[in-house]
Amino acid sequence: MAEVLVVVENGVKKVTLEMLTIARGLGSVSAVVFGDADTAKLGEFGAEKIYTASGEDVDGYLVAPKATVVAELVKRVQPAAVLLASTQEGKEIAARLAIKLDNGLLTDAVGLDADGTATQAIFAGSAIVKSKVTKGLPIVTIRPNSVTPEPSAATPAVEELTVAASDADKLTKVVERVAEQKGSRPELTEAGIVVSGGRGVGNADNFKLVEELADLLGGAVGASRAAVDSGYYPHQFQVGQTGKTVSPQLYVALGISGAIQHRAGMQTSKTIVAVNKDAEAPIFELADFGVVGDLFKVVPQAADEIRKRK
Amino acid sequence: MNIVVLVKQVPDSGAERTLSADYSVDRASASNVINEMDEYAIEEALKIKEAHGGEVTVLTVGPAGATESIRKALSMGPDKAVHVQDDALHGSCAVATSKVLAAALRTLNADLIISGAESTDGRVQVVPHMLAELLGVAALTGARKLTVDGSQLTVERQTDEGYEVVTAATPAIVSVWDTINEPRYPSFKGIMAAKKKPVQSLSLGDLGVSAGEVGSAGATSQVLEYSKRPARTGGAKVVDEGTGGEQLVAYLATEKFV
Ligand SMILES: Cc1cc2nc3c(=O)[nH]c(=O)nc-3n(C[C@H](O)[C@H](O)[C@H](O)COP(=O)(O)OP(=O)(O)OC[C@H]3O[C@@H](n4cnc5c(N)ncnc54)[C@H](O)[C@@H]3O)c2cc1C
Ligand SMILES: Nc1ncnc2c1ncn2[C@@H]1O[C@H](COP(=O)(O)O)[C@@H](O)[C@H]1O
């Protein structure tokens, strides 16, 4: 059975387990890991093989050496498909891979059949297409929260790859990596629950209310663009057309009107609830449960109620 | 510095209503707009030209109708534009589009190429790295801050975890997010001046790209099925009369979230 390469960046995330689960339907799963491999976890979800690549040539430069590593591996093992995460870096590696191999690619898939047919949600989640790579092998990036990860134990063989980065791969140096505050919350795009605040939250300090509810529900915090532009919350938490696309089990919109560009990033959520003082706010058109009211009254009461029930 | 800005025209996919405040200038006739992120790219190019001198060229690969977006881009201040248009381009995939952009860029000898981080229609975020790969130049993508010091570029690149500082020398391609600056509005003078700025039209033949490599004929992927998702419908809506929070939690409990 042909190998299927699953490219793992920045440690094993939920999307990694989803990719391993999907990959099992297409062939024998091989993980390509940059940095230290979590062999136990990857094996638990069915990786038969793990290729690792590390060192200054991988860490010290932006993306390009990683694409070279994957391209070399593709040429050697002739995999049935290459899966990457639909993250900035995953898409960037995929882009370079497509050019190196003169191959098609599909981004943001939410499903992938055994024959390489990918399902993609397009036009802000309002339509679904099925597509196929018609030149070369399927190179597909998978969006987080697409499938439920399912374990399937395997004992992976580990092979360390030599990194042969070219001069062209070393044109962009990474001189510093800075982690900004995130705490213990789940990552926005992978979270099962997302609690977002909008302009209605009023100021940066009040976002504590949004964070409190998120923490009580075990969710991530998101924000509308108006909230981000007003400086209430950092940009990497923006949900919408020009921010992150999220598809959690539960999306809570607090003081968000529900503009089309905001919906673009959240309307495929399973369940949506909203608190807004304007009964006419468009967010109510997609909310499964809506409370028309002042979030400064409704949210603290809800938080108390959750604490009571715990 | 010779700067080329990549500008893509995208369908205004229902954003028209909310765009009205910002784009009241030409809203009635516009069903297509400049990809929003590319306006930040134009602004960044103009700022660099103002600080360091040079020339700014807009480059678009797109149908004849994209001229409208090109004129709008020029009205912000760039010096000239190159428009690659050819009937054979219809249906091009990202790989093919990048090949055409790369062919055009080879004729333009840019020190610096600036693009948007992603287009709002496809949201693929792949073109900048494809171009870097094709042209053999450095790519500094996802910039929220760009500093130019002679031929040395430093970018603060937004990541999920925070940011990275990356550096490279020109020639390079930089892609920008909307956090990098505040695009200027075209002035009346700018709009008038844009009408006279040179827009060079190039065909695939001019660039030595064969028609079979692009468009539907050369597509590297294919859509097999398309279906609209049923629109979401609103569910229960309660007005808070003192127990809104409790009612909300009761709902969350029935859905097993608490
Ligand atoms: C090209 C483009 C791209 C965009 N991309 C994005 C994007 O990625 N993400 C995004 O979110 N937006 C995006 N936008 C902006 C979008 O159009 C809206 O402007 C934005 O989503 C509005 O944010 P908001 O709902 O927080 O603010 P508003 O629309 O101002 O809504 C605030 C809401 O809070 C309610 N409210 C106020 N006070 C209270 C209170 N005390 N209690 C309860 N409710 C209260 C109000 O009734 C109102 O409905 C984009 C716009 C454009 C043009
Ligand atoms: N056809 C095109 N013409 C000019 N620039 C483009 C074109 N397609 C993409 N770009 C540029 O590449 C960026 C990223 O696009 P994408 O990879 O499609 O998300 C855009 O913001 C544009 O600056």
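These figures come from a predicted structure and were not determined experimentally.

What counts, and at which threshold
- Once a new chain begins, its residue numbering starts again from 1 and follows that chain's sequence as written.
- In the order they appear in the text, chains get letters beginning with A and ligands get numbers beginning with 1.
- It should be noted that, the model being predicted, local features are given only for residues of pLDDT at least 70 and side-chain atom pairs only at 80 or more, the latter also being counted only at that level, while totals for whole chains, interfaces and linings use all residues.
- Remark: hydrogens and water are excluded; side-chain values derive from all non-hydrogen atoms of the structure.
- One bridge is not enough; two strands pair if DSSP finds at least two bridges between them.
- Here a helix means four or more residues in a row that DSSP labels H or I, a strand means two or more in a row labelled E, and each is numbered from the N terminus.
- Axis angles are defined between N-to-C directions and span 0 to 180 degrees, where every axis is a line fitted to C-alpha atoms and, for a helix, only to the segment in contact.
- By definition, residues are in contact when any of their heavy atoms lie within 4.5 Å.
- By buried area we mean how much accessible surface two parts lose on assembly, using a 1.4 Å probe and totalling the loss over both.
- Salt bridges are defined as contacts in which a side-chain nitrogen from Lys or Arg sits within 4 Å of a carboxyl oxygen from Asp or Glu.
- We define a polar contact as two N or O atoms separated by no more than 3.5 Å, with the added condition that, inside protein, one atom must be a possible hydrogen donor and the other a possible acceptor, whereas residues neighbouring each other in sequence contribute only through side-chain atom pairs.
- Charged residues are taken to be Asp, Glu, Lys and Arg, nonpolar residues to be Ala, Val, Leu, Ile, Met, Phe, Trp, Tyr, Cys and Pro, and polar residues to be all remaining types, Gly included.
- For cavity detection a 1 Å grid was placed over the protein atoms alone, and a set of points counts as a cavity when a 1.4 Å probe fits there but cannot get out; an open set counts as a pocket when protein lies on both sides within 12 Å along at least five of seven lines, with lining residues being those that have an atom within 4 Å of a point.
- Grid points are joined across faces, edges and corners, and a volume is the space filled by probe spheres set on the points.
- Each residue is placed in one exposure class: buried if its accessible area under a 1.4 Å probe, protein chains only, is under 20% of its type's maximum, exposed if it is over 50%, and partly exposed if it falls in between.

What about the sheet that holds strand β12 (residues 220-223) of chain A?
Moving on, step 1. If you walk across this open sheet you meet the six strands as β12(A)-β11(A)-β13(A)-β14(A)-β15(A)-β13(B), and the pairing is parallel. If you trace the sheet from one side to the other, it starts and ends with β12 of chain A together with β13 (236-239) of chain B, each paired once. On average, adjacent strands in this sheet sit at an angle of 15° to one another, irrespective of strand direction.
Moving on, step 2. Bridge analysis of strand β11 (residues 193-197) of chain A against strand β13 (residues 250-254) of chain A gives five bridges, and the strand direction is parallel. Residue pairing across strands places A:Ile193 opposite A:Leu250, the latter belonging to β13(A).
Moving on, step 3. Its contacts with the sheet put helix α6 (residues 207-217) of chain A on β11, β12 and β13 of chain A, and the angle it makes with β11(A) is roughly 170°.

As for the interface of chain B and chain A
Think of interface size as the accessible area that goes away when the parts come together; that is how it is often given.
Moving on, step 1. Across the boundary between the two partners, chain B contributes 79 residues, which contact 89 residues of chain A.
Moving on, step 2. Overall, the association of chain B and chain A removes approximately 7,200 Å² of surface from exposure, summing both partners, and the carbon and sulfur fraction of that is 54%.
Moving on, step 3. Linking chain B with chain A are eight salt bridges, by the criterion used here.
Moving on, step 4. Ionic pairing is found between A:Arg225 and B:Asp178, a salt bridge with its closest N-O pair at 3.7 Å.
Moving on, step 5. Our count for the contact surface shared by chain B and chain A stands at 43 residue pairs in polar contact (both at pLDDT 80 or more).
Moving on, step 6. Residue contributions to the side of chain B that touches chain A peak at 10 residues, all from helix α8 (residues 244-254) of chain B.
Moving on, step 7. The class makeup of the residues in the side of chain B that touches chain A is 33 nonpolar, 26 polar and 20 charged.
Moving on, step 8. Here strand β7 (residues 127-133) of chain A runs beside strand β12 (residues 221-228) of chain B; their pairing, made up of seven bridges, is antiparallel. Bridging from a neighbouring strand, A:Lys130 pairs with B:Glu225 of β12(B).

Topic: empty space enclosed by the protein
Moving on, step 1. In this structure the tally under the stated criterion is two cavities of 30 Å³ or more.
Moving on, step 2. Its boundaries defined by the atoms lining it, the largest cavity holds a volume of some 40 Å³.
Moving on, step 3. Forming the boundary of the largest cavity are A:Gln88, A:Glu92, B:Ala117, B:Gln125, B:Pro128, B:His129, B:Thr141, B:Gly142 and B:Ser175.
Moving on, step 4. Residue assignment for the lining of the largest cavity shows that the elements contributing at least two residues are α5 (88-101) of chain A together with α5 (127-135) and β7 (138-149) of chain B.

Here's the deal with the pattern of salt bridges
Moving on, step 1. This structure, assessed with the given rule, holds 33 salt bridges over all chains.
Moving on, step 2. Ionic pairing is found between A:Arg76 and A:Glu159, a salt bridge with its closest N-O pair at 2.9 Å. Residue A:Arg76 is located in helix α4 (residues 64-77), and its partner A:Glu159 is located in strand β9 (residues 157-160); the two are separated by 83 residues in the primary sequence.
Moving on, step 3. Residue A:Glu159 is classed as partly exposed on the basis of its relative accessible area, which comes to 23%.
Moving on, step 4. Here A:Asp215 ties to A:Arg185 by a salt bridge, and the two come within 2.8 Å at their closest N and O atoms. Linking A:Asp215 in helix α6 with A:Arg185 in the loop between β10 (173-179) and β11, this pair joins segments that are 30 residues apart in sequence.
Moving on, step 5. Salt bridges linked by common partners bring A:Glu92, A:Arg177, B:Arg157 and B:Glu164 together as one network.

Quick notes on the pairing of strand β1 (residues 2-6) of chain B
The side chains of a regular strand alternate between both faces of the sheet.
Residues and elements named next belong to chain B.
Moving on, step 1. Counting buried positions along β1 gives five out of five residues, so the element sits mostly inside the fold.
Moving on, step 2. By the bridge criterion, five bridges tie β1 to strand β4 (residues 55-61) in an arrangement that is parallel. Counterpart to Ile 3 in the pairing with β4 is Val 56.

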